[in-house]
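# Secondary and tertiary structure notes
Residues per chain, in single letters:
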Amino acid sequence: LASAIRTPAATKAAGKGMRLLLIAAGPKLAKAAASPGADQSSYNFISTALTQSMEAALSTGNITVMENVSEGCARMCVQLKDSSQTKAILTSVAMPSLHRCR
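Description of the structure in this document. Being a predicted model, the structure only gives us computed values, none of them experimental.

### Regarding the environment of Ala56
Residue position: Ala56 is located in helix α2 (residues 41-60). For the pair Ala56 and Gly15, spaced 41 residues apart in sequence, the C-alpha separation works out to 9.6 Å.

This is the structure:
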C-alpha cells in the first residue's frame, strides 16, 4: 500500500477501505466456502488473500493501517463456520506479524 500510495493520508484511507471491504465480504465468502459442493480450496484462497492483505498493511509501517487491516481480517475469519479452518486462517494471518517481531 505505502509504495503504491505515497501520501500518508491516502494510505490511511486505503487501510480503512480494506477494513470495510473485509468486513462486508466476510459473510458472503463464509457462506460460499461452507456451501454444499464448495471446493475445499476456497479456504486456501481466503487464507492467502487475508495473509497478503496483512503483509501489505505491515509494509506501510503505519499503525492505523495495520490495525484496520488486522481487524478486518479477524472479523472476516470469525464469520467462517468451520472452526478448524478459522483457527488455521487466523494463524496464517498472524504469521507476517510474528515474522516481523523476530
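And the narrative resumes.
### Re the nonpolar core
Ile46, Leu50, Val69, Cys73, Leu80, Ile89 and Val93 are the most contacted members of the largest nonpolar core, which totals 18 residues. Breaking this core down by element, the ones donating at least two residues are α1 (8-34), α2, α3 (63-77) and α4 (83-101). If we ignore the near neighbours within four places in the chain, the residues touching Ile46 are Leu29, Ala33, Met76, Leu80 and Ile89.

### Here's the deal with the packing of α2 against α4
Running from amino to carboxyl end, α2 crosses α4 at an angle of 25°, the nearest separation of the two axes being 9 Å. In terms of their interaxial angle, α2 and α4 are classed as roughly parallel. Taken as a pair, α2 and α4 cross one another with a handedness that is right-handed. Contact residues: Tyr43, Ile46, Ser47, Leu50, Thr51, Met54, Glu55, Leu58 and Ser59 in α2; Gln85, Ile89, Ser92, Val93, Pro96, Ser97 and Arg100 in α4. Grouping the constituent residues of the contact of α2 with α4 by class yields 8 nonpolar, 6 polar and 2 charged.

Here is what the cut-offs are and how they apply
Residues numbered from 1 in each chain as written. Predicted model: local features only at pLDDT ≥ 70, side-chain atom pairs only at ≥ 80, totals over all residues. Heavy atoms only, no water. Helix = DSSP H or I, 4+ residues; strand = E, 2+ residues; numbered from the N terminus. Core = buried A, V, L, I, M, F, W, Y, C linked by side-chain atoms within 4.5 Å. Buried < 20%, exposed > 50% of the residue type's maximum accessible area, 1.4 Å probe, protein only. Contact = heavy atoms within 4.5 Å. Axes fitted to C-alpha atoms, helices over the stretch in contact; angles between N-to-C directions. Parallel < 35°, antiparallel > 145°, perpendicular 65-115°, else oblique. Left-handed = near helix turned anticlockwise from the far one by under 90°. Nonpolar A, V, L, I, M, F, W, Y, C, P; charged D, E, K, R; others polar.

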